[in-house]
Amino acid sequence: MGSRWTVARVLALAPDAGSAKAARALANPRTWSDLGSTSSLVWGKCQGSARSPYQVTVDLTEPSFRCTCPSRKFPCKHGLALLLMWVAGDGSVTAGAAPAEWATPAAPRTEPARPDPEAQARRLAERESLMSAGLGDFELWLHDLVRQGLATARRQPAGFWDTAAARLVDAQLPGLADRVRAVAADLHARADWAPHLLGELGGWYLAIRAWRRRAELDEAAVGDLRAVLGWPRRRDEIGDRVADRWWVVGLSQEEDDRLLSQRTWLHGERTGETVVLLDFAAAGQALKVAHVLGSVVDGEVARYPGAGPRRALLTGDEHQVMAGSGLPHATGVPDALAQAARWLAGNPWLRRIPLALAGMTVVPGEPPLLVDSGGAALTLAPGTDVWQLLALSGGHPVAVFGEWIDERLHPLSVQVGDRLVAL
């Protein structure tokens, strides 16, 4: 028996962060059958949304993957999940078994496959059909939920929400699935759970209706819809580029036991536009691009389709990096919230709204606040280190950059003198 791989080696094969996350959620023996492995082959059947289980085979020598699911990604989440269970070595994947009759090694790829337009169109139609069916089921689930009343929703067990989310994942709607799981936690953590739930239900229903009328939507609206549903775009689909001097004004990292993700907020000096970069790495590994808070990057970004603030990618390797001097676009609370309202009008599913605020004074209390010179106040998110903010500001008004989420500010950086300090 050959040596087992590591989790990081498996996740490094994922075509994108969404596939890695979906594979981790799927790496559960309860949804698999006929699992087995030899020194060069791993196989198993995964019960998805189709009537028959998907047949999954991984040839470890290439490695090469074969799966009967309709996914266009390579490798798909089923192949990655199968490897994650094999890596765990907990006995769920039987070692030294005779390969199943259907488990044959996939042919190795000797050269890049040329796109087949007809096959691409067929796969696209199959995916859209699967998504439409999944959204139809989700709409019925929403109707039942509302019919029973929001108070009933709070008493539902965790399995109620997990089952709905799992069906969305099977229908290739991982973005909606993430929101359903998040709401399940919010119901017991938030005092304002009822209006919060109502708002989320409205956003989900809007996504269902928008999907059915997607042919009538412009490119930006389709981009935002795909983002909330969790349908990622390939890099070759991103071509809207703009050059500027980009100020790095905020960084936010999240890490679990398998994945590290970072959001980097940039402000364009010439265009005045705010964009966000997303970077991912397997847990324990460094991000490919380390952005320095407070620096200025002179270069070009390619923007994803959608309304502002848009996701973007830095293009090329010839960027000039220099020191910045704080938050050039900070405003008072009324102007910042007016901009937030314009962004929400363009994208009703926008969850994280960047705010650059000038002259903010920290006011400890329950809840803690940031107050501008005109007396307008924003509530700080639970868990904010208020004393760190007070120590850095010395009790004086300072400029603060943060993410406005569910009417709470999550501060990410504060300007001290002419430099930005991470929070």
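Residues numbered from 1 in each chain as written. Predicted model: local features only at pLDDT ≥ 70, side-chain atom pairs only at ≥ 80, totals over all residues. Heavy atoms only, no water.

## A closer look at the overall build of the protein chain
Going by this rule: Runs of H or I in DSSP of at least four residues are treated as helices and runs of E of at least two as strands, each being numbered from the N terminus. The globule rule used here is 2.2 Å times the number of residues to the 0.38 power, and the radius of gyration it is set against is calculated over C-alpha atoms. Only protein chains enter the calculation, and the probe is 1.4 Å; a residue is then buried if its accessible area is under 20% of its type maximum, exposed if over 50%, and partly exposed in between. Contacts were defined at the residue level, with two residues in contact if any of their heavy atoms lie within 4.5 Å. Only the protein chains shown count as cover for residues, and all accessible areas are computed by the Shrake-Rupley method using a 1.4 Å probe.
Across its full length, the protein chain carries 11 helices and 17 strands. Rg of the C-alpha trace for the protein chain: 24 Å, near the compact-globule value of 22 Å for 423 residues, within the 12% margin. Counting only C-alpha atoms and orienting by the principal axes, one finds that the protein chain spans roughly 75 × 55 × 45 Å. Residues counted as buried form 46% of the 423 residues belonging to the protein chain. Taking contacts inside the protein chain between residues at least 6 apart in sequence as the whole, the part at least 24 apart equals 61%. Split by element, the accessible area of the protein chain, about 20900 Å² in all, is 51% carbon and sulfur.

## Topic: helix H2 (residues 17-26)
The element H2 is extensively covered by neighbouring structure, given that seven of its 10 residues are classed as buried. Within the span of H2, buried status applies to Ala-17, Ser-19, Ala-20, Ala-22, Ala-23, Arg-24 and Leu-26.

## Structural notes on the sheet that holds strand S13 (residues 369-371)
Keep this limit in mind: DSSP-based pairing: two strands are paired if at least 2 bridges between them are found. Note on definitions: angles span 0 to 180 degrees between N-to-C directions of axes, and those axes are lines fitted to C-alpha atoms, for helices only across the stretch in contact.
The strand order across the open sheet built from six strands is S14-S13-S12-S15-S16-S17, with neighbouring strands paired in antiparallel fashion. The open sheet has two free edges, formed respectively by strand S14 (377-379) and strand S17 (419-422), since each of these has just one partner strand. Across the sheet, the axes of successive neighbouring strands diverge by a mean angle of 45 degrees, strand direction being ignored. Bridge count for strand S12 (residues 353-363) against strand S15 (residues 398-405) is six bridges, and the pairing is antiparallel.

## Remarks on the nonpolar core
Inclusion rule: Joining through side-chain atoms within 4.5 Å is the link that ties buried Ala, Val, Leu, Ile, Met, Phe, Trp, Tyr and Cys residues into a set, and such a set is a nonpolar core.
With 33 residues, the main nonpolar core has Phe-138, Trp-141, Trp-161, Val-180, Trp-204, Leu-225 and Leu-229 as its most contacted residues. For this core, the elements supplying multiple residues, two or more each, are helix H4 (117-148), helix H6 (158-170), helix H7 (174-189), helix H8 (193-212) and helix H9 (219-229). Here the element with the most residues in this core is H8; it accounts for eight residues. Discounting chain neighbours no more than four positions away, the residues touching Trp-161 are Trp-141, Leu-145, Ala-153, Gln-156, Val-180, Val-183, Ala-184 and Leu-187.

## Here's the deal with the pattern of salt bridges
Note the following rule: Throughout this description, the term salt bridge denotes a Lys or Arg side-chain nitrogen within 4 Å of a carboxyl oxygen of Asp or Glu.
Applying the stated rule across the entire model yields 20 salt bridges. The partner of Glu-200 in a salt bridge is Arg-351, with the nearest N and O atoms 3.3 Å apart. Remark: Arg-351 occurs in the loop between helix H10 (333-346) and S12 and Glu-200 occurs in helix H8; sequence separation between them is 151 residues. Residue Glu-200 is classed as buried on the basis of its relative accessible area of 9%. For Arg-351, a relative accessible area of 28% corresponds to the partly exposed category. The shortest N-O distance in the salt bridge between Asp-406 and Arg-351 comes to 3.6 Å. Of this pair, Asp-406 sits in the loop between S15 and strand S16 (408-416) while Arg-351 sits in the loop between H10 and S12, placing them 55 residues apart in sequence. Assessed through its relative accessible area of 25%, Asp-406 is described here as partly exposed.

## Description of the UniProt feature "domain: SWIM-type" (unreviewed entry) in the protein chain
To keep things clear, this is the line we draw: UniProt positions are given in the numbering used here, feature names are shortened, and annotations may be inferred rather than shown by experiment.
According to UniProt, the "domain: SWIM-type" (unreviewed entry) feature falls on residues 54-87. End C-alpha atoms of residues 54-87 are separated by 20 Å, and the span's content is 32% helix alongside 29% strand.

## Brief notes about the packing of H2 against helix H3 (residues 77-88)
Which entries qualify depends on this criterion: Roughly parallel covers angles under 35 degrees, roughly antiparallel covers those over 145, roughly perpendicular covers 65 to 115, and oblique covers all other angles. By convention the crossing between two helices is left-handed if the near helix lies anticlockwise of the far one by an angle smaller than a right angle, and right-handed if it lies clockwise.
Running from N to C, H2 and H3 cross one another at 55 degrees; their axes reach a closest spacing of 8 Å. Judged by the inter-axis angle, H2 sits oblique to H3. The chirality of how H2 crosses H3 is right-handed. Listed contacts from H3 to Ser-19, Ala-22, Ala-23, Arg-24 and Leu-26 of H2 are Lys-77, His-78, Leu-80, Ala-81 and Leu-84.

## Notes on the state of the cysteines
To keep things clear, this is the line we draw: Any pair of cysteine sulfurs within 2.5 Å is marked as a disulfide.
Following the criterion strictly, the structure yields zero disulfides and no others. Here Cys-46 stays free of any disulfide, with the sulfur of Cys-67 as its closest cysteine sulfur at 7.7 Å. The class for Cys-46 is buried, based on a relative accessible area of 0%. The thiol sulfur of Cys-69 is not disulfide-bonded, and the nearest other cysteine sulfur, from Cys-67, lies at 3.6 Å.

## Comments concerning the pairing of S17
Relative to S17, S16 runs antiparallel, the two being bridged by four bridges. Residue Val-414 lies in a different strand from S17, and its bridge partner there is Val-421. Connecting S16 to the next strand, S17, in antiparallel fashion are two residues, including Gly-417 with a positive phi near 65 degrees.

## Some points on the packing of H4 against H8
What describes two packed helices is the angle between their axes and the distance between those same axes. H8 packs onto H4 with a crossing angle of 145 degrees between their chain directions and a minimal axis gap of 10 Å. For the crossing formed where H4 meets H8, the hand is left-handed. Across the interface between the two elements, Glu-128, Met-131, Ser-132, Leu-135, Gly-136, Phe-138, Glu-139, Trp-141, Leu-142, His-143, Leu-145 and Val-146 of H4 pack against Leu-201, Trp-204, Tyr-205, Ile-208, Arg-209, Trp-211 and Arg-212 of H8.

## Observations regarding unusual backbone geometry
Residue Pro-309 follows Gly-308 across a cis peptide bond; omega there is -10 degrees. By secondary structure assignment, the location of Pro-309 is in the loop between strand S9 (295-303) and strand S10 (310-314). Put simply, Glu-366 and Pro-367 share a cis peptide bond, and its omega is 0 degrees. One non-glycine residue, Asp-34, lies in positive phi territory at about 50 degrees. Examined against the element boundaries, Asp-34 turns out to sit in strand S1 (residues 32-37). Although it is not a glycine, Glu-407 adopts a positive phi angle of roughly 60 degrees. Following the sequence through the fold, Glu-407 ends up in the loop between S15 and S16.

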